[in-house]
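Here are the chains, one letter per residue:
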There are 2 protein chains.
Amino acid sequence: MINGNQKWRANLGREMRRGFLSVLLLWILKKRGEPMYGYEIIQTIAKTTQGQWVPKAGTIYPILRRLESKGFVKSEWSSKSAGPSRRYYRITPEGREAERRILLEWKRHMSGFRDFLHDLLEVD
Amino acid sequence: MINGNQKWRANLGREMRRGFLSVLLLWILKKRGEPMYGYEIIQTIAKTTQGQWVPKAGTIYPILRRLESKGFVKSEWSSKSAGPSRRYYRITPEGREAERRILLEWKRHMSGFRDFLHDLLEVD
DNA sequence: GGGTGTATGTAGCCACACTACATATTTATA
DNA sequence: TATAAATATGTAGTGTGGCTACATACACCC
């Protein structure tokens, strides 16, 4: 039972990141303003959360592919720099529009649960 | 393609609510302080969001069952009131603890993305 | 040659929000 | 007294996406 709870907790944490992560990637690309490659995004999240959250490669790359298949990002190979070649992703106008709409929808749905959202924001 | 985007957008909205909804139910039960039944929870969410979000029965009841199977809520039938009998759910100490830990984990993972979270909070 | 860091990728699993439908009871209305 | 509407709960099946586990390849250092 204790084991079960821990398993569920871990899963719930995962579930809470679902959807959020895709939108967060769009948001990160939008904010950065210039193309980023997958590994760079992983490092960015790791650094931003001070190592609290280090997404796995197997999590990030599929998301980027999905975003691209929807036309929300576009990628380009680049081997200018040293090391393995990188695939740079940049957000498209459709991606910006999608991100905006998704956040709006989420806000609409969550409007009224300000206390709950505050619990999610407040520093411990 | 346009159709595809709209479909995806709808799904992403759904995905963003994933996990959140389960935790939100725990939060609602915690805040209310007394047992609530499924239909009441649906109405509460509808009212709180001013009709912007009216969860379907098929969404809420399975969640409550899952929460109960994990020991986070406990239910009791009651036919005291008029109308069809109701199943009242109340949060357990394990449920409170789980909710607390999940929110903490989420905050840890999201720490550093304050700007993003602010975008999620700000009034339009 | 072996180890580490950089960089990308895929097959398969699992959980959960949602659709679509079914059922039963009570109350209001014609 | 039918019958429609509101109340109340439920379940089978679908789609999706985060994640695990693994594989590949290049550059550099020892």
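Scoring rules and cut-offs
- Residues numbered from 1 in each chain as written.
- Chains lettered and ligands numbered in written order.
- Predicted model: local features only at pLDDT ≥ 70, side-chain atom pairs only at ≥ 80, totals over all residues.
- Heavy atoms only, no water.
- Least-squares fit on C-alpha atoms with pLDDT ≥ 70 in both.
- Contact = heavy atoms within 4.5 Å.
- Pairing = 2+ DSSP bridges.
- Helix = DSSP H or I, 4+ residues; strand = E, 2+ residues; numbered from the N terminus.
- Core = buried A, V, L, I, M, F, W, Y, C linked by side-chain atoms within 4.5 Å.
- Buried < 20%, exposed > 50% of the residue type's maximum accessible area, 1.4 Å probe, protein only.
- Salt bridge = Lys/Arg side-chain N within 4 Å of Asp/Glu carboxyl O.
- Phe/Tyr/Trp six-rings, centres within 6.5 Å; stacked < 30°, edge-to-face > 60°.
- Buried area = accessible area lost by both parts, 1.4 Å probe.
- Polar contact = N/O pair within 3.5 Å; in protein donor to acceptor, adjacent residues only side chain to side chain.

(A) Looking closely at the relation of the copies chain B and chain A. For the pair chain B and chain A, the best superposition has an RMSD of 0.1 Å and corresponds to a rotation of 180° with a translation of 0.0 Å parallel to the axis. When the rotation and shift are considered jointly, the pair of chain copies conforms to a two-fold rotation axis. Of the interface residues in chain B, 100% have counterparts in chain A that sit at the interface too, so the contact is made through matching surfaces.

(B) Region of the structure containing the sheet that holds strand E1 (residues 36–37) of chain A. Residues and elements named next belong to chain A. Strands sit in the order E1-E3-E2 across an open sheet of three strands; the sheet is antiparallel. Each of the sheet's edge strands pairs with one partner strand only, and the pair in question is E1 and strand E2 (73–78). Sheet topology places E2 next to strand E3 (residues 86–91); six bridges connect them, and they run antiparallel. The partner of Lys74 across the bridge, within E3, is Arg90.

(C) Broad picture of the nonpolar core. Phe116 of chain A together with Phe116 of chain B are the most contacted members of the largest nonpolar core, which totals 68 residues. Setting aside anything within four residues of it in sequence, one finds Phe116 of chain B in contact with Phe20, Val23, Leu24, Trp27 and Leu103 of chain A.

(D) How the structure looks around the pattern of salt bridges. Following the criterion strictly, the structure yields 12 salt bridges over all chains and no others. Between Asp115 of chain A and Lys31 of chain B there is a salt bridge whose closest N-O contact spans 2.7 Å. One end of the pair, Asp115 of chain A, is in helix H6 (residues 114–121); the other, Lys31 of chain B, is in helix H2 (residues 20–32), on a second chain. The salt bridge involving Glu97 of chain B is made with Arg100 of chain B; its shortest N-O contact spans 3.7 Å. With Glu97 of chain B and Arg100 of chain B both in helix H5 (residues 93–110) and three residues apart, this pair spans about one turn of that helix. A residue is classified by how much of its surface remains accessible, and Glu97 of chain B, at 28% relative accessible area, is partly exposed.

(E) Region of interest: the pairing of E3 of chain A. Looking at chain direction, E1 of chain A and E3 of chain A are connected through two bridges and run antiparallel. Paired with Met36 of chain A across the two strands is Tyr89 of chain A, which belongs to E3 of chain A.

(F) The arrangement of the packing of aromatic side chains in detail. This model, assessed by the stated rule, comprises 13 aromatic pairs over all chains. Seen from their ring centres, Phe20 of chain A and Trp106 of chain A are 5.5 Å apart, and the 85° between their planes marks the pair as edge-to-face. One end of the pair, Phe20 of chain A, is in helix H2 (residues 20–32); the other, Trp106 of chain A, is in helix H5 (residues 93–110), with 86 residues separating them in the sequence. For the pair shown, Phe20 of chain A and Trp106 of chain A are each scored as buried. Seen from their ring centres, Phe116 of chain A and Trp27 of chain B are 5.4 Å apart, and the 65° between their planes marks the pair as edge-to-face.

(G) Focus on unusual backbone geometry. Residue and element names in this part refer to chain A. Its identity as a non-glycine residue notwithstanding, Gln50 has a phi of 50°, on the positive side. Tracing the chain through its elements places Gln50 in the loop between helix H3 (38–48) and helix H4 (57–69). The exposed category is assigned to Gln50, whose relative accessible area is 70%.

(H) Summary view of the interface of chain B and chain A. With 51 residues of chain B in contact, the opposing surface of chain A contributes 52 residues. Surface buried jointly by chain B and chain A totals about 5,900 Å² across both partners, of which 68% is contributed by carbon and sulfur atoms. At the junction of chain B and chain A, the tally comes to four salt bridges. With a closest N to O distance of 3.3 Å, Arg17 of chain A and Glu105 of chain B form a salt bridge. Scanning the region where chain B abuts chain A turns up 14 residue pairs in polar contact (both at pLDDT 80 or more). Taken together, the elements giving at least two residues each to the side of chain B that touches chain A come down to helix H1 (2–17), H2, helix H3 (38–48), H5 and helix H6 (114–121) of chain B. With 11 residues, H5 of chain B is the single largest residue contributor to the side of chain B that touches chain A.

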